[in-house]
Amino acid sequence: MSSGDAASSPRAVPNGALAGGTLSFRAAVALTCADVIGSGIFASPGIVLRWTGSVGAALAAWTVAGVITYVGFACLAELSTQDPNAGGLFYYFRVAFGGATAFSWTFINFTVIVPGSLGALALTFAHYVASVIPGWEAGGFEQSADFKIKGLACLAVAVAAALNCLSASHGGGVAKIFLTATLVGCAFVFSLGVAGAFGVHDGSHGWDGGTGGTMNTTNATKSAAAENFELATVFDGTRSVSALGVGLVSALWAFSGAMDTASIGEEIRDPERNLSRVGVIGLTIVSSVYLCLNLAYLMVLPASVIADGSTTEDSKQAMGVFFARTVAGHYAGLAVTVVVGLSSFGALNSCMYLSARQFYASARDGLFPESLARVNARQAPHVAILATASWTAALTCVMSSFAALVNYLSVAMWLYYGLVGVAVFKSRATFPDAERPYSVPGYPFVPAVYVAACLYLSACTFAAAPWQCFCALVFVAAAFPIHEAAFAWWPSRRAVANGSASGLGERLVSRSADEY
C-alpha cells in the first residue's frame, strides 16, 4: 500500500510523502543485514563468553539470540504484512494499544533507543578509525571517549544524515556497498580462523597464557581449538541464570536493528509478499555470519583468552583485531580494523535510514511535532533525519561510552519489544477474520514465550547496570504524562490525534470484509 492511500495516511502530509515502491527486494535485504551487522560481533564474543562461563553456553547464547530475534521479527511481520506502514512499531502499538502507548514508544525511541544505538555505532566507528591515526589514543569500549573521538563520532553521524537526506532510495544503495564490504571482511576473518586451526600463526603476536611471554607456536593454536571443542568439557564453568541473561543481552546487541525492518513497509515493492521474506533471508545471513565468526575465534584462541580479553588492553582494538594479529600479524589486524569501521558506519547509515521513517510516520499521524513529517524534494524525511542526528550527537557527547549507551537503551528496548508479542494476541482477538499473509509459527505458544523472554532480558539488564537503566526508565515513566499534557489537556490537539486514528481498525475490518 503506498503512502498516498488515504487510509494509510489519514492526515495531510506537508511537502509530499515517502516514495512508495522505491526499495527493491535485494536492497531491502541489504538494508536489513547492514542495519543488523555492525561492530557488535567484533566486540561482543568476549563479553558473552565471560558472562556465560563456557564455550557451550556462549555458543548456545548466540544461537538463542538468533532465535529470539527471529521470533520477534515474525511477530512484527504478522502485523506489518497485514497493514504495511512506515511507522513500524509506533503504528502497530497504536492499532493495538492506543495513542498513549504509541506516543510512549516514539518518545522512548527518540530519546533512548535510537540515539543510544546510533551513538554506540558512531563511537565504535570512531574508536577503530582512531586506532590507525598516528598519535591518537582510541581508548576502550568501557572508557569515556576524549574530545577527538567524540568529534569523529559526531562527524560520522553528520555524514550518515547527509547521505540519508539525498533520496529515499539512496540509503538502500549505500547499504549494499557497506554490506558487501562487511561480508567480504567477515569472510576474511573466518578464513583466518580456518588458517589458524591448521597451524598458521604469527610469530610476533599472541597470548601469554599468564606466563608473561608470548605463546605463538603451531601446537598452541591447535591445542586451543581442541580444548575449546572438547565435548566432555564444553559446558564446564557455565554460570548462573542471571549471568546467562546478561550474556544473552550482550549477544542480542549484535542482532539489534532487525525490528526496524517493518518501517520500510511503505517503500518496499510488494510488501505483503516481500516483507517477511526480507526478515527470514536477512536474519539467516546474519546468524550464519555470526556463527562462523564465533567458530573462527574459538579455532584460534583459548576460551579463557577470549573471555579475559574483554577486560584487558587488547580488547581496546576488539577481539577481531586481536584475533587477526594473532594469526597473521599487524597488517591483518589493520585490515580487520578497516572492516569494523566500514561495518559500524554501514549499520549507522542503515539504522538512521529506518528509524527516521518511524518518527516521520508518528509526526504524520499527529503524535509528534508536525515538522518531522516533512519530506524534501528527493522524497526523504529530512527533518526527521536531522532531528535524529542532532539528538544522537548530543547524547553521544554527554554519555560518550559504548558500554554506557548499550546499557542505557537495552532495558527500555526489551520492554517494548515484548509488547510486540502482546500486540499479536490483541490483533488476533480484535480482528479474528482479518487476512494474514504471514502468521507467527507456533501461535500462541511462541509469542507467549517471546514476551516472557523479553521481560527476563530487561530484568537482567537492570541487574547488571542499574544506574543507566534507571535513567532510561525515567524517560519511560515521563512519556505517559507528557502525552496526557500534550493531548488530553489540549482539545485541539486531541481532536487531531483522534481524527488521525479513526481509520486504523477500519482498514483491517474492510480487508476482512472484502473476502466475503
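Since the model is a prediction, treat every value here as computed from it, not as a measurement. (Residues numbered from 1 in each chain as written. Predicted model: local features only at pLDDT ≥ 70, side-chain atom pairs only at ≥ 80, totals over all residues. Heavy atoms only, no water.)

## A few points about the overall build of the protein chain
When its secondary structure is counted, the protein chain shows 19 helices and zero strands. Relative to its full complement of 516 residues, the protein chain shows a buried share of 59%. Long-range pairs, those at least 24 residues apart, make up 81% of the contacts in the protein chain between residues at least 6 apart in sequence. Element-wise, carbon and sulfur atoms account for 65% of the exposed surface of the protein chain, whose accessible area totals about 18,700 Å². (Helix = DSSP H or I, 4+ residues; strand = E, 2+ residues; numbered from the N terminus. Buried < 20%, exposed > 50% of the residue type's maximum accessible area, 1.4 Å probe, protein only. Contact = heavy atoms within 4.5 Å. Areas by Shrake-Rupley, 256 points an atom, 1.4 Å probe, with all protein chains shown as cover.)

## Some remarks on helix α9 (residues 241-253)
Between its first and last C-alpha atoms α9 spans 19 Å; for 13 residues at 1.5 Å apiece the expected length is 18 Å, and the two agree. The buried count for α9 comes to ten of 13 residues, which makes it a mostly enclosed element. Within α9 the residues assigned to the buried category are A243, G245, V246, G247, L248, V249, S250, A251, L252 and W253. (Expected span 1.5 Å × (residues − 1).)

## Notes on helix α14 (residues 382-399)
Each full turn of the α-helix corresponds to 3.6 residues, which orients residues three or four apart in the same direction. The first and last C-alpha atoms of α14 sit 26 Å apart over 18 residues, in line with the 26 Å expected at 1.5 Å per residue. Buried within α14 are the following residues: A384, I385, T388, A389, T392, A393, L395, T396 and M399.

## Some thoughts on the pattern of salt bridges
The final tally for this structure, using the stated rule, is two salt bridges. In this structure, the salt-bridge partner of E78 is R428, at a minimum N-O distance of 2.7 Å. Highlighted residues: E78 in helix α3 (residues 55-82) and R428 in helix α15 (residues 402-430), separated in sequence by 350 residues. With relative accessibility at 0%, the residue E78 sits in the buried group. In this structure, R436 engages E78 in a salt bridge whose closest nitrogen and oxygen atoms are separated by 3.4 Å. Of this pair, R436 sits in the loop between α15 and α16 (445-464) while E78 sits in helix α3, and the two are 358 residues apart along the sequence. As far as burial versus exposure is concerned, R436 and E78 are alike and both buried. Salt bridges here are not isolated pairs; linked through shared partners, they connect E78, R428 and R436. (Salt bridge = Lys/Arg side-chain N within 4 Å of Asp/Glu carboxyl O.)

## Focus on the side chain of T388
Within the element layout of this structure, T388 appears in helix α14. Residue classification places T388 among the buried positions, given a relative accessible area of 2%. Ignoring sequence-local partners within four residues, the contact set of T388 consists of F110, V114, L118, S355, A356 and F359.

## Comments concerning the packing of aromatic side chains
All chains considered together, the criterion is met by 14 aromatic pairs. Measuring from centroid to centroid gives 5.9 Å for F93 and W105, while their planes differ by 85 degrees, and the two rings are edge-to-face. Linking F93 in helix α4 (residues 89-97) with W105 in helix α5 (residues 99-130), this pair joins segments that are twelve residues apart in sequence. Comparing F93 with W105 shows no difference in burial state: the two are buried. Residues F425 and Y443 carry aromatic rings whose centres are separated by 5.2 Å and whose planes lie at 40 degrees to one another, so their mutual orientation is tilted. One end of the pair, F425, is in helix α15; the other, Y443, is in the loop between α15 and α16, and 18 residues separate them in sequence. Classification of F425 by relative accessible area gives partly exposed; the value is 27%. (Phe/Tyr/Trp six-rings, centres within 6.5 Å; stacked < 30°, edge-to-face > 60°.)

## Considerations on the state of the cysteines
Here the structure, examined in full by the defined rule, presents zero disulfides. Here C454 is not cross-linked by a disulfide; its sulfur's nearest cysteine counterpart is in C75, at 8.6 Å. (Disulfide = S-S within 2.5 Å.)

## Let's talk about the confidence of the model for the protein chain
For the protein chain, the mean per-residue pLDDT works out to 77, and 76% of the residues sit at or above 70. Mean pLDDT across the elements of the protein chain bottoms out in helix α19 (residues 504-513) (50) and peaks in α16 (92). Every residue in residues 208-217 scores below 50 in pLDDT, and together they form 15 contacts with partners more than four places removed in sequence or on other chains. (pLDDT = per-residue confidence, 0-100.)

## So, empty space enclosed by the protein
In total, this model carries three cavities of 30 Å³ or more according to the counting rule given. Empty space within the second largest cavity amounts to approximately 100 Å³. Lining the second largest cavity are I68, T69, L252, F255, S256, G257, A258, M259, M413, W414, Y417 and Y450. Elements that contribute at least two residues to the lining of the second largest cavity include exactly α3 and α15. With three residues, the top contributor of residues to the lining of the second largest cavity is α15. (1 Å grid on protein atoms, 1.4 Å probe; cavity = no way out; pocket = protein on both sides within 12 Å on 5 of 7 lines; lining within 4 Å. Points joined across faces, edges and corners; volume = space filled by probe spheres on them.)

## Thoughts on the packing of α15 against α16
Here α15 crosses α16 at 165 degrees, and the two axes come no closer than 8 Å. Classified by the angle between their axes, α15 and α16 sit roughly antiparallel to one another. Of the two elements, α15 crosses α16, and the hand of that crossing is left-handed. Two secondary-structure elements touch here, α15 through N407, S410, V411, W414, L415, Y417, G418, G421, V422 and F425 and α16 through P447, A448, Y450, V451, C454, L455, L457, S458, T461 and F462. Of the residues in the contact of α15 with α16, the class split is 14 nonpolar, six polar and no charged. (Axes fitted to C-alpha atoms, helices over the stretch in contact; angles between N-to-C directions. Parallel < 35°, antiparallel > 145°, perpendicular 65-115°, else oblique. Left-handed = near helix turned anticlockwise from the far one by under 90°. Nonpolar A, V, L, I, M, F, W, Y, C, P; charged D, E, K, R; others polar.)

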